[in-house]
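# Survey of secondary and tertiary structure
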Amino acid sequence: ADAQAAIEKGPRPDVITMAGAGEPTLYAPLGRLIDALHDRFDIPVLLITNAALLWREDVARSAMKADVLAPSLDAGDPETFARVNRPHPDVTFERVLEGLEKVTAAHPGQVRLEIMLVRGVNDSDASLEAIAAVLPRLRFDRIDINTAVRPSAWGDDLVCDEAVLRRAMALFGPKAQPIARFVPKDAAAPSVAGGRAEDVREMLMRRPCTAADIAASLNLHPHAVSKVLQSLKAAAIIESRTLGRETYYYVPGSAS
């Protein structure tokens, strides 16, 4: 019902993304949900996952149903993996890597490997070279290199500089590229009516966003977004933090 309502509001999405406030593969009926989306909508389903549970057969079966699989790989050795993820003892580096290897090899659709680089955590030459060393074990169509631009549990100012990103691209190969901000292709004129405060609040429940992120994702005029953000802040529903040149808005106590 939520997906139906969102799609009816428009614009029509390129994909339906399984992500949000938490790891999607922790949802037991994920495979049935993807099947239901396929039955109802002629829109590809993209699954974003931290890959921690792909070694489990039930999770692997669900992941196979997504048209596009976007698993994370943020370390190439056990020590860095533990430092970045602080995992449960059962979630070991080798187990995660074996799951990634098996699922990416068998997945029938596109695989977009996501590598998140955090300054001072996994951006050293040794860390980047370790990640590059395990890439030949995996099947992927492209690598999206990201860095920590949003507020995180690690703190602020964790963005890797351009030199690190260029080094990563050179090491990871020609399929690697940095992630750019999302700009809808051929989108309808932004709406200036309403403001859709509840849509904005729900978006910020999932992750911190800038005003530009909100305007692009919800197809709202920047002035409308500004008014909504002001009203939500005045009601103490959201808060903001400035990192570098960007201001991020979030719901206190949510996934941010």
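The following refers to the structure shown. The residue numbering used here restarts from 1 in each chain and proceeds along that chain's sequence as written. At least 70 in pLDDT is required for a residue's local features to be given in this predicted model, at least 80 for side-chain atom pairs to be given and counted, and no such filter applies to totals for whole chains, interfaces and linings, which use all residues. Excluded from the side-chain calculation are hydrogens and water; included are all heavy atoms of the structure.

### A closer look at helix H9 (residues 211–218)
Buried residues are those whose accessible area, probed at 1.4 Å on protein chains only, stays under 20% of the maximum for their type, while exposed residues exceed 50% and partly exposed ones sit between those limits. For helices the rule is a DSSP run of H or I covering at least 4 residues; for strands it is a run of E covering at least 2, with both sets numbered from the N terminus onward. Buried within H9 are the following residues: Asp213, Ile214, Ala215, Ala216 and Leu218. Working rule for contacts: check all heavy atoms of both residues, and any pair within 4.5 Å makes them a contact. Summarising the contacts, the buried residues of H9 are in contact with helix H8 (197–206), helix H10 (222–234) and strand S8 (246–250). Within two residues after H9, Asn219 carries a phi angle of roughly 55°, on the positive side.

### Some words on helix H4 (residues 78–85)
Count 3.6 residues to each turn of an α-helix, and residues three or four apart come out pointing the same way. Residues of H4 that are buried include every one of Thr80, Phe81 and Val84, and no others. Seen along its axis, H4 keeps its buried residues to an arc of 105°; they face one direction. Pairs of N or O atoms within 3.5 Å make up the polar contacts considered here, provided that, within protein, one atom can donate a hydrogen while the other can accept it, and that residues adjacent in sequence are counted only when both atoms are side-chain atoms. If you check the start of H4, you find a side-chain oxygen 3.2 Å away from the backbone N of Glu79, and it comes from Asp77. Where H4 terminates, the next one or two residues include Arg86, which has phi positive at roughly 50°. Arc, as used here, means the arc of the directions from the helix axis to the C-beta atoms.

### Observations regarding the packing of aromatic side chains
Stacked, edge-to-face and tilted are the three classes for Phe, Tyr and Trp ring pairs, Trp counted by its six-membered ring, which pair at centre distances within 6.5 Å; planes under 30 degrees apart are stacked, over 60 edge-to-face, the rest tilted. Summed over all chains, the structure comprises 1 aromatic pair. Aromatic pair Phe81 and Phe93: ring centres 5.9 Å apart, planes at 55°, arrangement tilted. With Phe81 in helix H4 and Phe93 in helix H5 (residues 93–106), the pair connects residues that are 12 residues apart, well separated along the chain. Assigned by exposure class, Phe81 and Phe93 land together as buried. In this structure, Arg95 is placed above the aromatic ring of Trp55, and the distance from its NZ or CZ to the ring centre is 4.0 Å. Placement of a positive charge over a ring is assigned whenever Lys NZ or Arg CZ falls within 6 Å of the ring centre and within 35 degrees of the normal to the ring plane.

### Digging into the sheet that holds strand S6 (residues 176–178)
What holds strands together in a sheet is hydrogen bonding between their backbones, with the strands either parallel or antiparallel. A strand pair is defined by DSSP finding two or more bridges across the two strands. Spatially, 6 strands are ordered S1-S2-S3-S4-S5-S6 in an open sheet, and the strand pairing comes out parallel. Strand pairing shows two members of the sheet lacking a second neighbour, strand S1 (16–18) and S6, which therefore form its edges. The mean inter-strand angle of the sheet, taken between neighbouring strand axes irrespective of direction, is 25°. Axes here mean lines fitted to C-alpha atoms, for a helix over just the part in contact, with angles spanning 0 to 180 degrees between N-to-C directions.

### Regarding the environment of Trp55
Looking at the secondary structure, you find Trp55 in the loop between strand S2 (45–49) and helix H3 (57–65). The spacing of Trp55 and Leu100 is 45 residues in sequence and 7.3 Å in space, taken between C-alpha atoms. For Trp55, the contacting residues outside a window of four places in its chain are Arg95 and Gly99.

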